Amino acid sequence: MKILKIDHLGIAVKSIDAGKNFWLDILNLEFEGSETVEAQKVTTAFFPVGESEVELLESTAADGPVAKYIEKKGEGIQHVAFRVEDIEASLEELKEKGVRLIDQKPRIGAGGAKIAFLHPKSTNGVLVELCQRD
Ligand code: ZN
C-alpha cells in the first residue's frame, strides 16, 4: 500500500462556531467550507494547512461518534487521516496483515472522498482513517 500524505487531522469540537475562532483568527488559516455527513452524524469544517488540512468535527446528534468521543475524552484530536492511492487494495493488504478494521469496505465521507477507519486496538490507540480522493 502507498500512503501519499497526511490528508487531515480530525479534531472533535463541541461547536464549530465556537471553536473555529482559534484556527481562523489566531492561526490565520482559511476556512474552506463545511459539510454535514448525515450517515456519520457529523458536521465538518475544513482549514487547509499546506498539503494537509485541519478538519473540525461537530456532532449533529447526542449518539453520534464525535459526541461519544467528547463525552469520554473531551475535545481534541479524534483521528488522523492518511491519503492512500488505492483504498480497496490498502484495506485488503491490512486485513491480510491482521490489522483490525472498523470499516471492511470504504464509505463516502466529506467531499465525496472514499474513507475507511482502522481500529485503534491495532494502531497504538490512534483512530486512523484511510482516505482516497480523485
Ligand atoms: Zn476525517
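Model, not experiment: these values are computed from the prediction.

Conventions we followed
- Residues numbered from 1 in each chain as written.
- Predicted model: local features only at pLDDT ≥ 70, side-chain atom pairs only at ≥ 80, totals over all residues.
- Heavy atoms only, no water.
- Helix = DSSP H or I, 4+ residues; strand = E, 2+ residues; numbered from the N terminus.
- Contact = heavy atoms within 4.5 Å.
- Donors = N, O, S within 2.8 Å, 3.2 Å for Na, K, Ca; no water.
- Tetrahedral: all angles 85-135°; square planar, octahedral: opposite > 155°, others 65-115°.
- Buried < 20%, exposed > 50% of the residue type's maximum accessible area, 1.4 Å probe, protein only.
- Arc of directions from axis to C-beta.
- 1 Å grid on protein atoms, 1.4 Å probe; cavity = no way out; pocket = protein on both sides within 12 Å on 5 of 7 lines; lining within 4 Å.
- Points joined across faces, edges and corners; volume = space filled by probe spheres on them.
- Salt bridge = Lys/Arg side-chain N within 4 Å of Asp/Glu carboxyl O.
- Pairing = 2+ DSSP bridges.

Draft legend 1. Spatial organisation of the side chain of Ser90. Looking at the secondary structure, you find Ser90 in helix H3 (residues 87–96). When residues no more than four places from it in sequence are discounted, the contact partners of Ser90 are Met1, Val84 and Leu130.

Draft legend 2. Spotlight on the coordination of the zinc ion. Those protein atoms acting as donors to the zinc ion are His8 (NE2), Glu55 (OE), His79 (NE2) and Glu129 (OE), and they sit at 2.0 to 2.6 Å. Coordination at the zinc ion comes from four donor atoms whose angles at the metal span 79 to 170 degrees, giving a geometry best classed as irregular. Positions of the donor residues of the zinc ion along the chain correspond to the pattern H-x46-E-x23-H-x49-E. Remark: Glu55 occurs in strand S4 (residues 52–59) and His8 occurs in strand S1 (residues 3–12); sequence separation between them is 47 residues. Taking relative accessible area as the criterion, Glu55 reaches 6% and is therefore assigned buried.

Draft legend 3. Representation of helix H2 (residues 65–73). All of the buried residues in H2 are Val66, Ala67, Tyr69 and Ile70. All buried residues of H2 project into a common sector of 160 degrees when viewed along the axis, lining one side. Exposed and oriented more than 90 degrees from the buried face of H2 are Glu71 and Lys72. Of the surrounding elements, those touching the buried residues of H2 are S1, strand S3 (42–49), S4 and strand S5 (76–84).

Draft legend 4. Just the layout of surface pockets, in detail. Approximately 690 Å³ is the volume found for the largest pocket. In terms of lining residues, the largest pocket is bounded by 31 residues, among which Pro65, Gln78, His79, Phe117 and Leu127 are the most central. Residue assignment for the lining of the largest pocket shows that the elements contributing at least two residues are S3, S4, H2, S5 and strand S7 (114–118). The dominant element in the lining of the largest pocket, judged by the number of residues it contributes, is H2, at six residues.

Draft legend 5. Region of interest: the pattern of salt bridges. One pass over the full model with this rule turns up eight salt bridges. With its nearest N and O atoms 3.4 Å apart, the salt bridge here joins Lys95 to Glu92. In this pair, Lys95 and Glu92 both sit in helix H3, three residues apart, roughly one turn of the helix. Shared partners join several salt bridges into a network, and the residues in it are Asp7, Arg83 and Arg133.

Draft legend 6. Representation of the pairing of strand S8 (residues 128–132). Among the five residues that make up S8, five are buried, leaving the element largely enclosed by the rest of the structure. Side chains Val128, Leu130 and Gln132 project from S8 onto one buried face, and the interleaved Glu129 and Cys131 project onto a second face that is buried too. One ladder, built from four bridges, connects S5 with S8; its direction is parallel. Across the sheet, Ala81 pairs through a bridge with Glu129, a residue of S8.

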